[in-house]
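Notes for the structure review
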Amino acid sequence: MMIKMMFAAMALAAIGAPATAQQAAPAPVAVVATPAPVPAPPYGTPITLAQAQRLIDRALAAARARGFRMAIAVVEPSASLVAFARMDDTQYGSIVVAQEKAGSAARFRTPTAVMAKAVLDGRVTTLALPGALPIAGGRPIVVGGKIIGAIGVSGASSAEDDEIATAAMADMG
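Everything numeric in this text was worked out from a predicted model, so none of it was measured.

Digging into the packing of helix α2 (residues 49–66) against helix α5 (residues 158–168)
- Two elements in contact, α2 and α5, have axes separated by 8 Å at closest approach and are oriented at 130°. As judged from the angle between their axes, α2 and α5 are oblique. As for how α2 packs across α5, the hand of that crossing is right-handed. Contact residues: α2 offers Leu 55, Arg 58, Ala 59, Ala 62, Ala 63 and Arg 66, while α5 offers Glu 160, Glu 163, Ile 164, Ala 167 and Ala 168.
- Considered class by class, the residues forming the contact of α2 with α5 number 7 nonpolar, no polar and 4 charged.

Let's talk about the sheet that holds strand β1 (residues 71–75)
- In space, the 4 strands of this open sheet follow the order β2-β1-β4-β3, with antiparallel pairing throughout. Of all strands in the sheet, those with a lone pairing partner are β2 (81–86) and β3 (138–143), marking the two edges. Across the sheet, the mean angle separating the axes of adjacent strands is 20° when strand polarity is ignored.
- Helix-sheet contacts for α2 involve β1, β2, β3 and β4 (146–154), and the interaxial angle to β2 is about 25°.

Overview of unusual backbone geometry
- The phi angle at Asp 89 is positive, at roughly 65°, despite the residue not being glycine.
- Note on placement: Asp 89 falls in the loop between β2 and α3 (93–108).
- Owing to a relative accessible area of 57%, Asp 89 belongs among the exposed residues under this scheme.
- Despite not being glycine, Arg 109 shows a phi value in the positive range, around 55°.

Section: the pattern of salt bridges
- Enumeration over the complete set of coordinates arrives at 6 salt bridges.
- For Arg 69, the salt bridge identified is with Asp 89, shortest N-O distance 2.6 Å. One end of the pair, Arg 69, is in the loop between α2 and β1; the other, Asp 89, is in the loop between β2 and α3, with 20 residues separating them in the sequence.
- With its nearest N and O atoms 2.9 Å apart, the salt bridge here joins Asp 162 to Arg 139. Here Arg 139 lies in strand β3 and Asp 162 lies in helix α5, a separation of 23 residues in the sequence.
- Among the residues examined, Asp 162 registers a relative accessible area of 11% and is labelled buried.
- The network of salt bridges with shared partners includes Arg 66, Glu 160 and Glu 163.

Description of the pairing of β1
- Taking burial as the measure, the 5 residues of β1 include 5 buried ones, the bulk of the element.
- Across the two faces of β1 the burial is the same, with Ala 71, Ala 73 and Val 75 and Ile 72 and Val 74 all buried.
- The sheet contact formed by β1 and β2 spans 5 bridges and is antiparallel. Looking at β2, one finds that Val 75 is bridged to Leu 81.
- Counting the residues between successive antiparallel strands, the hairpin from β1 to β2 contains 5 residues, one of them, Ala 79, with a positive phi of roughly 80°.
- Pairing between β1 and β4: 5 bridges, direction antiparallel. When the bridges of β4 are listed, Val 74 appears paired with Ile 151.

Considerations on α2
- For α2, built from 18 residues, the straight-helix expectation of 26 Å at 1.5 Å per residue is met to within 8% by its first-to-last C-alpha distance of 26 Å.
- All buried positions along α2 are accounted for by Ala 52, Leu 55, Ile 56, Ala 59, Leu 60, Ala 62 and Ala 63. Across the axial projection of α2, the buried residues extend over an arc of 165°, all falling on one side. Facing away from the buried side of α2, by more than 90 degrees, are the exposed residues Arg 64 and Ala 65.
- Tucked into the core, α2 has its buried residues touching β1, β2, β3, β4 and α5.
- Two residues or fewer after α2 comes Gly 67, characterised by a positive phi angle close to 80°.

Criteria and cut-off values
- Residues numbered from 1 in each chain as written.
- Predicted model: local features only at pLDDT ≥ 70, side-chain atom pairs only at ≥ 80, totals over all residues.
- Heavy atoms only, no water.
- Axes fitted to C-alpha atoms, helices over the stretch in contact; angles between N-to-C directions.
- Helix = DSSP H or I, 4+ residues; strand = E, 2+ residues; numbered from the N terminus.
- Parallel < 35°, antiparallel > 145°, perpendicular 65-115°, else oblique.
- Left-handed = near helix turned anticlockwise from the far one by under 90°.
- Contact = heavy atoms within 4.5 Å.
- Nonpolar A, V, L, I, M, F, W, Y, C, P; charged D, E, K, R; others polar.
- Pairing = 2+ DSSP bridges.
- Buried < 20%, exposed > 50% of the residue type's maximum accessible area, 1.4 Å probe, protein only.
- Salt bridge = Lys/Arg side-chain N within 4 Å of Asp/Glu carboxyl O.
- Expected span 1.5 Å × (residues − 1).
- Arc of directions from axis to C-beta.

What follows is the structure in structure tokens.
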């Protein structure tokens, strides 16, 4: 009983004790205006099979030139598959990954490399977004300022996948 009374007295003394030292006023926080994010381009008329096949052919040529074995998927803005190719002896897992990278880039209107960087920078909520695959290699296809689809590439490192996707779209306009 005596110990309980001692703790109670110490607690009351700590709560009621006047502050003996003044606390410094917090330093003013500099407010820096953050520029508004640039809105993603709107969706346009979906990519045609002929356009998609040209992208596939360019990606295959770029992959062959680098000695890669890859899967390449082109989707329309809804993430529905338009064209696909898998090089001989490409790992089977790359089939699904290429399609998911393309779908993610189309659904979220952003390169999957940007999503990957967000996760690496601590924005892990990206991992919980349904349909998001934050691994480089998926890129929206923008023509005339509108997203007409997306390409996804898988089979090498994610950075190399992204390089092949970028090379395939070099002359899209």
